[in-house]
Structures are given as structure tokens and as C-alpha cells.
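Single-letter residue listing:
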Amino acid sequence: MIVLAIGDVVGDPGMDVLYRCLRPLKKQVGADLTVVNGENATPMGRGIAPSQAEEIFDAGADVITLGNHTFANRQICDYLDEQPNILRPLNYPARQPGRGYTVVECRGRQVCVCNLQGRVDMNYIPSDPFAAADWLLENVKADLYLVDFHGEATSEKQAMGWHLNGRAAAVWGTHTHVPTADVRVLPGGTGYITDLGMTGGVESVIGVRWEQSVRMFRGELTERFKPSDRDCRVQGAVFEIDQQGKCIGARRVELR
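Let me sum up the structure you'll find in this document. (Residues numbered from 1 in each chain as written. Predicted model: local features only at pLDDT ≥ 70, side-chain atom pairs only at ≥ 80, totals over all residues. Heavy atoms only, no water.)

**Focus: helix α2 (residues 50–59)**
Okay, step 1: Residues of α2 that are buried: Q52, A53, I56, F57 and A59. One side of α2 holds all its buried residues, which, seen down the axis, span an arc of 160°.
Okay, step 2: Against α1 (11–29), β3 (33–37), β4 (63–65), α3 (76–82) and β5 (86–87) lie the buried residues of α2.
Okay, step 3: Positive backbone phi, at 130°, marks G60, one or two positions downstream of α2. (Buried < 20%, exposed > 50% of the residue type's maximum accessible area, 1.4 Å probe, protein only. Helix = DSSP H or I, 4+ residues; strand = E, 2+ residues; numbered from the N terminus. Arc of directions from axis to C-beta. Contact = heavy atoms within 4.5 Å.)

What follows is the structure in C-alpha cells.
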């Protein structure tokens, strides 16, 4: 089984390049299951609305994961309850809309896709993601498990990879929008990368027009951040999973 994981879609430029490139990329890598992080898909790059979610599914995603901006656009709340294959972090309070995992059938196997959020240097403090991961593995029956860990700290994301080593087929990080060079298969057969990168304008500062970001860091007053539309690309990773639910190959992918 080939799993394609796509980094955070940022604003209209990210939506445009995803729609143009995702199906060709799926064909290129032979993807059987595609998971896209969509928490920055609104035109201003913060949150997601039902219309963007539908466009991401139409572009070729099988599952959409989210993160700390899940509820930035409250229009998504009812949609999260209605659509089983769009996920907010599992370790959010249970009373909040939506769900943190889904189980989909792929090539005759039951695949559990889970969304978790880290707690280090994040604006929103959810419950312990490591305990949530253990709960998932103990209570949700599936042939293999895939985890999008949405977090700021590389250390926390790496710790989650090792925590799930040999228990999940693949663990990938999202949120920081910069692809990392550590894609690999851990000793227990878990594919891992600290961050997939992003889908949008890479001539930017994590998706924002770089001029605005520089002005902010220099202490100047700036207008509302706008997503960059320069050098747009789709970034992510591909994981090859064997019949035993172990990852036997992992690599980064990028298409412009």
C-alpha cells in the first residue's frame, strides 16, 4: 500500500496548486490513500470552511486532517460532525465538534487515520497526545494506523514517532510548514518525518509573503498577513506499507 501525506494547504495559492497537482502526484507515486492537512485552507490562510474541505476532497484527498486552527472558521463545526473523513485533533475535548480519527478501507485493509496536536509552544493546550495515541491503539481496531501529529516542537514530534515506533505504520508532523530532512523508517517499521512542509507559495516565510514577515520581525506595523502566491508547490511524503502493516520505504515528494 502506498500512502501519500500532503503538508498544510495555505490559502488560495495552496488550494490552486493542490487542485492542479494532487492527482498527477498521486498517479506519479501510485498512491492508494491520500491524506491532506487543510487547517490553513481559507483565503487568508487560517482555518477551513466546508467549501474548502469539499474542494480538497474533489482534488483527490481521501482524508483531511486539521490542527490548532481547526475552529478559526466556525462554519466548519457542523461539517465536522457530518463528514467522517475530516479530522480535528483527537486530544481536543470530546464535547467539541468532530472526531479525531476515522477508519477507511483501502486495498482490503482497515486503515485508521488519526490527527493529534502537540502541546509545546502551541496557543491551544489540548490533553496529553501520547495518552490519546495509546487510547486509540487500545480501543480502535484496524489493520494499520497512520498519524498526523500537528505540533510546533521538533522534539515533541520526534518523541511521538518513537512512542509509536512499531505500533503505527507511519507518523508525520505538520504545522511548521518547513520540510525536514529526516524522512526514514524507524527500527520497528514505522515511517516517520518531522514535518511534511506545506502546499502553497514557498517563496515566503512559512506561506506568508516574506516582506510582511520581515517587517513584523523588525518591529514595524504591518497589515494582515497574506498568503504568498510565489513558486507554489505541493510538499509531502510517501510511505510504502507492506502486508504486515509495517513501513518498508519512505521518501519526501514535491511538485510545482
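**Things to note about the sheet that holds strand β7 (residues 109–117)**
Strand-to-strand pairing in sheets goes through backbone hydrogen bonds, with the strands running parallel or antiparallel.
Okay, step 1: Pairing within the open sheet is mixed, and its six strands lie in the order β6-β7-β8-β9-β11-β10. Unpaired on one side and paired on the other, β6 (101–106) and β10 (184–185) mark the two borders of the sheet.
Okay, step 2: Strand direction decides the pairing type here: β10 and strand β11 (residues 191–193), joined by two bridges, are antiparallel. Pairing of R184 across the sheet is with Y192, part of β11.
Okay, step 3: On top of the sheet, helix α4 (residues 129–139) reaches β6, β7 and β8 (144–150); it is set at about 165° to β7, its chief contact. (Pairing = 2+ DSSP bridges. Axes fitted to C-alpha atoms, helices over the stretch in contact; angles between N-to-C directions.)

**Description of the side chain of N115**
Okay, step 1: Mapped onto the secondary structure, N115 falls in strand β7.
Okay, step 2: Within the structure, the side chain of N115 is placed 3.2 Å from the backbone oxygen of D148, a separation counted as a polar contact.
Okay, step 3: The contacts of N115, once residues within four sequence positions are left out, are T65, L66, G67, L87, R88, P89, L90, G100, D148 and H150. (Polar contact = N/O pair within 3.5 Å; in protein donor to acceptor, adjacent residues only side chain to side chain.)

**Quick notes on the packing of α4 against helix α5 (residues 154–163)**
Okay, step 1: Remark: α4 packs on α5, axes separated minimally by 11 Å, with the N-to-C direction vectors making an angle of 25°. Accordingly, the angle class assigned to the pair α4 and α5 is roughly parallel. Here α4 runs over α5; the crossing is right-handed. Within the contact between the two elements, α4 uses P129, F130, A133 and D134 and α5 uses E156, A159, M160 and H163.
Okay, step 2: Taken together, the residues of the contact of α4 with α5 break down into five nonpolar, one polar and two charged. (Parallel < 35°, antiparallel > 145°, perpendicular 65-115°, else oblique. Left-handed = near helix turned anticlockwise from the far one by under 90°. Nonpolar A, V, L, I, M, F, W, Y, C, P; charged D, E, K, R; others polar.)

**Some thoughts on the environment of D182**
Okay, step 1: When you line up the elements, D182 lands in the loop between β9 (170–174) and β10.
Okay, step 2: Note: C-alpha distance between D182 and D195 (13 residues apart in sequence) is 8.7 Å.
Okay, step 3: In this structure D182 touches Q158, Y192, I193 and T194, once residues within four positions along its chain are discounted.
Okay, step 4: Within the structure, the side chain of D182 is placed 2.8 Å from the side chain of T180, a separation counted as a polar contact.

**A closer look at the layout of surface pockets**
Okay, step 1: The volume enclosed by the largest pocket comes to roughly 600 Å³.
Okay, step 2: The wall of the largest pocket is formed by 26 residues, among which G45, H69, I206, V208 and F225 lie closest to the centre.
Okay, step 3: Class assignment for the residues of the lining of the largest pocket results in ten nonpolar, ten polar and six charged.
Okay, step 4: Space inside the second largest pocket adds up to approximately 170 Å³.
Okay, step 5: Looking at the second largest pocket, the residues that line it are R46, N68, H69, T70, F71, A72, Y92, Q96, N123 and Y124.
Okay, step 6: Partitioned by chemical class, the residues of the lining of the second largest pocket number four nonpolar, five polar and one charged. (1 Å grid on protein atoms, 1.4 Å probe; cavity = no way out; pocket = protein on both sides within 12 Å on 5 of 7 lines; lining within 4 Å. Points joined across faces, edges and corners; volume = space filled by probe spheres on them.)

**Regarding empty space enclosed by the protein**
Okay, step 1: With the rule as written, the count across this model stands at one cavity of 30 Å³ or more.
Okay, step 2: Reported here for the largest cavity is a volume of approximately 30 Å³.
Okay, step 3: What lines the largest cavity is simply A133, L136, L137, Y145, V147, L164 and A168.
Okay, step 4: Secondary structure elements with two or more residues in the lining of the largest cavity: α4 and β8.
Okay, step 5: With three residues, the single largest contributor to the lining of the largest cavity is α4.
Okay, step 6: Looking at side-chain class alone, the lining of the largest cavity contains seven nonpolar, no polar and no charged residues.

Take it as geometry only, folks, not as evidence of what the structure does.
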